[in-house]
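Architecture at a glance
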Amino acid sequence: VQLQASGGGLAQPGGSLRLSCEASGGTGSTYAVGWFRQAPGKERELVKAISWNGNSIFTANSVKGRFNISRDGAKNTVYLQMNSLKPEDTAVYYCAADRSISTAQAMARTVPDYWGQGTLVTVSS
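The present account deals with the structure reproduced in this document. Computed from a predicted model, the values in this text were never measured in an experiment.

1. Some points on the state of the cysteines
Per the counting criterion, the structure on display carries one disulfide. With a sulfur-sulfur separation of 2.2 Å, Cys21 is cross-linked through a disulfide to Cys95. Every disulfide takes its handedness from the sign of the S-S torsion; for Cys21 and Cys95 that torsion is 75 degrees, giving right-handed. Within this pair, whereas Cys21 is found in strand 3 (residues 17-24), its partner Cys95 is found in strand 9 (residues 91-98), the two being separated by 74 residues in sequence. Take Cys21: its relative accessible area is 2%, and that puts it in the buried class.

2. Thoughts on the pattern of salt bridges
In this structure the tally under the stated criterion is three salt bridges. Where Asp89 meets Arg37, a salt bridge forms, and the shortest distance between an N and an O atom there is 2.9 Å. Taken together, the positions of Asp89 in the loop between strand 8 (77-82) and strand 9 and Arg37 in strand 4 (residues 32-38) put the pair 52 residues apart, joining distant regions of the chain. A single burial state applies to Asp89 and to Arg37, both of which are buried. What makes Asp89 buried here is its relative accessible area of 0%. Beyond isolated ion pairs, a larger network of salt bridges with shared partners links Arg37, Glu45, Arg66 and Asp89.

3. A short note on the environment of Glu22
By secondary structure assignment, the location of Glu22 is in strand 3. Spatially, the C-alpha atom of Glu22 lies 8.7 Å from that of Tyr79, the residues being 57 residues apart in sequence. Here Glu22 is in contact with Gln2, Leu3, Gln4, Lys75, Asn76 and Thr77, once residues within four sequence places are set aside.

4. With respect to the nonpolar core
One broad rule of soluble globular proteins: the nonpolar side chains tend to lie buried together. Ranked by size, the top nonpolar core spans 38 residues in total, and within it Trp35, Leu80, Met82 and Tyr93 carry the most contacts. Per-element tally for this core: the top contributor is strand 9, with five residues.

5. Some points on the sheet that holds strand 3
Spatial strand order, 1-3-8-7: four strands in an open sheet with antiparallel pairing. The outermost strands of the open sheet, each flanked by one partner alone, are strand 1 (2-6) and strand 7 (67-72). Shown here is a sheet whose adjacent strand axes are inclined to one another by a mean of 15 degrees, direction ignored. The pairing of strand 7 with strand 8 spans six bridges and is antiparallel. Along strand 8, the bridge assignment pairs Arg71 with Val78.

6. Examining the packing of aromatic side chains
All told, the structure shown has two aromatic pairs when counted by the stated rule. Ring centres 5.9 Å apart and planes at 75 degrees place the aromatic pair Tyr31 and Tyr114 in the edge-to-face group. On the criterion of sequence distance, the pair formed by Tyr31 in the loop between strand 3 and strand 4 and Tyr114 in strand 10 (residues 114-115) is long-range, its members being 83 residues apart. Given a relative accessible area of 30%, Tyr114 falls into the partly exposed group. A centroid spacing of 4.8 Å and a plane angle of 45 degrees characterise the contact between Phe36 and Trp115, whose relative ring orientation is tilted.

Parameters and conventions
Residues numbered from 1 in each chain as written. Predicted model: local features only at pLDDT ≥ 70, side-chain atom pairs only at ≥ 80, totals over all residues. Heavy atoms only, no water. Disulfide = S-S within 2.5 Å. Helix = DSSP H or I, 4+ residues; strand = E, 2+ residues; numbered from the N terminus. Buried < 20%, exposed > 50% of the residue type's maximum accessible area, 1.4 Å probe, protein only. Salt bridge = Lys/Arg side-chain N within 4 Å of Asp/Glu carboxyl O. Contact = heavy atoms within 4.5 Å. Core = buried A, V, L, I, M, F, W, Y, C linked by side-chain atoms within 4.5 Å. Pairing = 2+ DSSP bridges. Axes fitted to C-alpha atoms, helices over the stretch in contact; angles between N-to-C directions. Phe/Tyr/Trp six-rings, centres within 6.5 Å; stacked < 30°, edge-to-face > 60°.

Here it is as structure tokens:
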């Protein structure tokens, strides 16, 4: 499966952005999907993940109450809605998918098989 991430850009503090991760070349609806981010000099961090059926969602403490994840099975697309953005949210964001991961929480403990290219999010005034 191929993943295409899009939607990054420049946002002001307190603003919003929505990232999209479109899957192709496979049955994307059967994969758990996660959004990771990596800022310069920092380790990669899983911020949100959703199980293949949407029944479980993982949320990192750093984005709790601000970021939401959802999926549209018909479009094979997973969205990351980012609200109340902070400068510390600046990073390259990657979507990743794995068919063998059954819960969103499990994605925090493993490295998914499939990765999209990164999309840069910059939060600055």
